[in-house]
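Here are the chains, one letter per residue:
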Amino acid sequence: MLRSLIAGMRALLHPAERKAQIEEELRSFLEASVDDKLRSGMSRDEARRAAHKEIGSREMVRHKVWSAGWESWVDSLVRDLRLAARQLRNSPGFAVTAVLALAIGIGANLAVFQLLYSAMLAPLPVARPQELMSVRGAKSPYDGQWFVSDPAYERLRQATAGYAPVMARSGFGAGALEMQGAAPQPARYQMVSDNFFSVLGVKPAAGRLLEASDLRPGGGGWAVVLRYGYALRQFGTVDVVGRYAVLNGVPVSIVGVAPEGFLGVVTGYAPDVWLPLEAQSTGKFGAWFDSLGPGHGVHLGQPWAEQAGIFWLWVTARVPADERAAAVARWTAALQPDLRLMAEAVPNGQAKEAVLHTGVHLIAAAAGEGQWREDSSLPLMLLMALAGAVFVAGCLNLGNLQAARLSAREGEFSVRMSLGASRWQLLRQVLTEDLLLTVIGGALAVVTGHAASEVLLRWASTRDWVLNLDMRMSAPVLALGVGMMAAAVCVFSAAPGMAGREPPKDCGCEGEARVCGRSAEREGTAMVERDAGGAGEPVSAAGGDGGVLCEDSGALERGEYGNGPGACAVHARGHGAWVPERTAESCGGISHDGGASGCSAGGAERGGGDVRGAGVRMEHEDPCIRKGE
Amino acid sequence: MGAESRDLVQGTLEMLVLKTLALESMHGYGIALRIEQVSKGVFRINPGSLLPALSRLERSGRIRGEWRASENNRRARYYTLTAAGRRALEQECRQWDRQVAAISRILEA
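Please read these numbers as outputs of a predicted model, since none were measured by experiment.

### Here's the deal with the overall build of chain A
Link 1 in the chain: A tally of regular secondary structure across chain A gives 18 helices and 16 strands.
Link 2 in the chain: When burial is assessed residue by residue, chain A has 45% of its 629 residues classed as buried.

### Here we look at the nonpolar core
Residues and elements named next belong to chain A.
Link 1 in the chain: Counting residues in hydrophobic clusters, the biggest one holds 79 residues, and the most contacted among them are Leu156, Val224, Val225, Val273, Leu275 and Val315.
Link 2 in the chain: Per element, the largest residue contribution to this core is five residues, and it comes from strand E5 (residues 222–226).
Link 3 in the chain: Filtering out sequence-adjacent residues up to four positions away, Val273 remains in contact with Leu177, Ala187, Tyr189, Val224, Leu226 and Leu247.
Link 4 in the chain: Counting 39 residues, the second-largest nonpolar core is a separate cluster that includes Val99, Ile104, Leu115 and Leu437.

### Focus on the environment of Gly137(A)
Residues and elements named next belong to chain A.
Link 1 in the chain: Inspection of the secondary structure puts Gly137 in the loop between strand E1 (132–136) and helix H7 (150–159).
Link 2 in the chain: It is 6.6 Å that separates the C-alpha atoms of Gly137 and Thr358, two residues lying 221 residues apart in sequence.
Link 3 in the chain: With near-sequence residues (within four places) excluded, Gly137 lies in contact with Val148, Leu335, Leu339, Thr358 and Val360.

### Points about the pairing of strand E11 (residues 314–318) of chain A
Residues and elements named next belong to chain A.
Link 1 in the chain: Among the five residues in E11, five count as buried, and that is most of the element.
Link 2 in the chain: Both faces of E11 are covered, namely the face carrying Trp314, Thr316 and Arg318 and the face carrying Val315 and Ala317.
Link 3 in the chain: Bridge count for E1 against E11 is four bridges, and the pairing is antiparallel. Its bridge partner lying in E11, Val135 is registered against Val315.
Link 4 in the chain: Bridging between strand E2 (residues 166–179) and E11 involves four bridges; their strand directions are antiparallel. Bridge pairing links Val166 to Ala317 in E11.

### Considering the sheet that holds strand E2 (residues 63–69) of chain B
Across a sheet, paired strands are connected by hydrogen bonds in the backbone, their directions being either parallel or antiparallel.
Residues and elements named next belong to chain B.
Link 1 in the chain: Taken together, three strands build an open sheet; the order of strands is E1-E3-E2 and the sheet is antiparallel. Two strands bound the open sheet, and with one partner strand each, they are strand E1 (26–27) and E2.
Link 2 in the chain: For E2 and strand E3 (residues 75–81), the ladder comprises seven bridges, and the chain directions are antiparallel. Pairing of Arg68 across the sheet is with Ala76, part of E3.
Link 3 in the chain: On top of the sheet, helix H3 (residues 47–59) reaches E2 and E3; it is set at about 115° to E2, its chief contact.

### Quick notes on the interface of chain A and chain B
Link 1 in the chain: Taken together, the contact pairs 21 residues of chain A with 21 residues of chain B.
Link 2 in the chain: Looking at the side of chain A that touches chain B, the elements that each hand over two or more residues are helix H1 (2–13), helix H2 (15–39) and helix H4 (58–67) of chain A.
Link 3 in the chain: By residue number, the principal contributor to the side of chain A that touches chain B is H2(A), which donates nine residues.
Link 4 in the chain: In terms of residue class, the side of chain A that touches chain B is made up of nine nonpolar, five polar and seven charged.

### Quick look at H7(A)
Each full turn of the α-helix corresponds to 3.6 residues, which orients residues three or four apart in the same direction.
Link 1 in the chain: Considered for burial, the residues of H7(A) that qualify are Asp150(A), Ala152(A), Tyr153(A), Arg155(A), Leu156(A) and Arg157(A).
Link 2 in the chain: Packed against the buried residues of H7(A) are E1, E2, E11, helix H10 (324–334) and helix H11 (336–343) of chain A.

### What about the confidence of the model for chain A?
Link 1 in the chain: Residue-level pLDDT values for chain A average 78, and 78% of them are 70 or greater.
Link 2 in the chain: Below a pLDDT of 50 lies the segment residues 498–629 of chain A, which in the model reaches 306 contacts outside its immediate sequence neighbourhood of four places, other chains included.

### Some words on the pairing of strand E6 (residues 244–247) of chain A
All names here are of chain A.
Link 1 in the chain: Side chains Ala245 and Leu247 project from E6 onto a buried face, and the interleaved Tyr244 and Val246 project onto a face without burial.
Link 2 in the chain: Across three bridges, the pairing between E2 and E6 is antiparallel. Counted as the bridge partner of Glu178 is Val246 from E6.
Link 3 in the chain: Of the pairings in the sheet, the one linking E6 to strand E7 (residues 250–257) comprises four bridges and is antiparallel in character. Note that in E7 the partner of Val246 across the bridge is Pro251.
Link 4 in the chain: Hairpin remark: E6 followed by E7, antiparallel, with two residues in the connecting loop; positive phi at Asn248, about 50°.

Procedures and definitions
- Every chain is numbered on its own, with residues counted from 1 as its sequence reads.
- Starting at A for chains and at 1 for ligands, labels are handed out in the order in which the entities are written.
- Per-residue local features of the predicted model are confined to residues with pLDDT of at least 70, and side-chain atom pairs are confined, for both listing and counting, to 80 or more; whole-chain, interface and lining totals are unaffected and use all residues.
- In DSSP terms, a helix is any run of H or I states spanning at least four residues, a strand is any run of E spanning at least two, and both are numbered starting from the N terminus.
- A residue is called partly exposed when the number of other C-beta atoms within 10 Å of its own lies between 12 and 20, exposed at 12 or fewer, and buried at 20 or more, with C-beta atoms placed from the backbone.
- A set of buried Ala, Val, Leu, Ile, Met, Phe, Trp, Tyr and Cys residues, joined through C-beta atoms within 7 Å, is what we mean by a nonpolar core.
- Note that contacts rest on C-beta atoms placed from the backbone: two residues are in contact if these are within 7 Å.
- One bridge is not enough; two strands pair if DSSP finds at least two bridges between them.
- All axes are obtained by fitting lines to C-alpha atoms, using only the stretch in contact for helices, and the reported angles, taken between N-to-C directions, cover 0 to 180 degrees.
- Residue type decides the class: Asp, Glu, Lys and Arg count as charged, Ala, Val, Leu, Ile, Met, Phe, Trp, Tyr, Cys and Pro as nonpolar, and the leftover types, Gly among them, as polar.
- Across the chain, each position has a pLDDT score giving the predictor's confidence in that residue, from 0 to 100.

Shown next, in the form of structure tokens:
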């Protein structure tokens with residue numbers, strides 16, 4: 001296995017060397033055969049002739065030996081790709097249309113799916129995200145948010161300490177971060193509990209994350225953690241740990257940088273700076289809050305930590321599935337004082353009763369939390385459906401275009417089938433062309449899709465807040481791209497209806513030449529060939545005024561009508577006598593890039609075609625046409 | 001091609017090559033000639049079949065090829081059976097015997 005792999009790789013990397021080996025082996029075989037025949041009393045000429053006859057087509061033998069290795073598959077693929085590229089180059093209009101249609105069709109889907117995936121489906125880049133649950137009790141009395149007060153959060157945290165850690169976060173605030181000697185830079189901040197990062201199970205990119213010791217300011221001020229992208233953007237590096245700064249006029253110390261890709265737990269909204277909840281006590285950091293209002297002991301100017309009437313924290317817990325029921329019961333019990341307090345702001349009646357009897361419920365937070373995520377789900381789904389429809393319509397149109405194009409190439413396929421190409425070979429060629437188009441279109445789609453998803457994100461952002469999602473290419477997005485490319489190839493290739501194609505029934509046709517040939521593998525098919533060595537038996541071709549034979553497969557290999565070694569073609573046109581001088585010209589008609597050098601009139605006198613009007617027909621009985629072994 | 005087929009039974013070429021090489025190292029033409037002679041002309045191996053078979057056998061490690069001077073002082077690639085080739089030959093021979101015996105029993109039944 002390994003030996004075969006190495007030998008194949010070597011043959012692929014040094015094809016000339018491998019071909020020379022095959023050629024040498026074949027020559028050695030021929031010489032041994034000639035020697036043997038000389039010993040048996042033949043003349044040298046007879047011996048050579050007999051040996052050549054015995055070997056048959058040397059090109060075919062070369063091809064068979066080459067095909068014995070796995071590398072011939074790779075070689076065929078490359079050959080198919082080259083042919084496909086040539087075909088597409090010859091139809092630039094079709095190629096450009098198809099590539100653009102695919103780039104737009106797949107790109108639009110990738111763009112929307114990237115957004116949909118990042119916003120709705122991608123799990124948070126944290127440990128065991130499926131255990132994260134948003135803890136919700138009653139909505140705050142005026143703003144209707146799932147806020148709790150700081151004392152309520154502490155009770156929730158204590159209720160399940162040990163088996164279901166609870167963390168809290170505030171809303172976002174806008175501030176300015178000022179480094180020593182530098183102008184203040186805008187910075188969005190979020191206050192979080194000291195266990196925010198540890199509950200999430202996030203590891204820092206640099207320094208450390210917040211911990212219990214950060215409940216109070218240290219020597220350099222309040223400990224803060226920067227978002228990776230923010231640190232890079234502001235400082236060009238994440239190596240900023242230990243630096244001091246001033247945030248909203250409060251001294252802070254950068255203790256660490258969150259890992260790349262970690263944007264917090266609120267989908268779309270990533271703070272630049274995380275700082276402890278306790279920093280609110282400085283009075284310099286505001287955040288969205290709700291309260292019972294005047295008359296309930298609410299003092300906004302004083303620290304919120306001790307005030308049960310100010311609701312400003314969202315609570316998230318890490319709770320294993322089998323602990324959820326017990327945890328919910330304990331949290332519901334722990335929240336009773338707060339529910340009673342909240343009920344004070346609700347008029348007597350059914351609504352008050354509802355608040356008083358509220359139970360805690362959990363919402364999965366594995367893929368993030370936040371209002372934007374909930375609000376954007378339907379629009380994103382609709383956009384996705386629209387993009388899907390664009391893709392399907394594009395594919396169907398391309399399928400039709402392809403069908404029309406293949407219909408126009410009927411003649412080419414007929415020629416190839418006459419040359420001995422199997423239906424599978426033709427289908428493979430079409431598939432390769434489609435695959436090539438799709439890969440180019442797909443690659444373009446990845447680029448345009450990524451750019452478009454960024455544009456969509458900007459479009460969905462508000463002036464105040466640019467949405468921030470992790471838009472890096474992910475496996476599901478890649479899988480969708482590949483899946484769509486595969487679907488495009490299927491639609492592309494299903495359209496042609498290759499199955500219905502039949503080889504031409506008659507070799508001759510009115511006023512124009514026909515081709516007779518073979519592929520190396522097909523047995524019993526007429527073949528026109530002359531060995532490259534020159535010493536071999538020249539074989540046949542004939543007819544019309546343009547009969548021609550090709551020296552080896554090279555001309556056709558490079559030509560438009562075939563790509564298999566051993567194949568050759570005769571092309572004749574018009575009426576009249578055999579004109580050897582014109583053979584090169586005729587062969588040049590077949591050979592796309594000057595394969596006329598591979599043509600020879602040498603076999604004309606031996607040629608056995610019968611001339612029927614303008615057509616040429618090679619018969620199996622022809623002495624110069626060998627049957628496959 | 002005559003009325004009687006000179007085609008090998010499918011899948012037996014490699015076994016015959018291994019068997020031929022079990023006696024001594026040979027070059028490609030020598031192998032073809034030996035098979036033709038031993039089979040009394042029944043089997044004639046075309047290089048289009050033989051050379052790919054030799055290539056496959058060499059890659060699978062059953063034979064080893066090296067360029068040497070032939071009896072006529074020409075450069076020729078000589079093939080030698082390897083230990084793996086000998087084992088493969090024994091196995092293929094056993095399998096062949098079983099198949100031939102089974103076919104004979106069917107034909108005689």
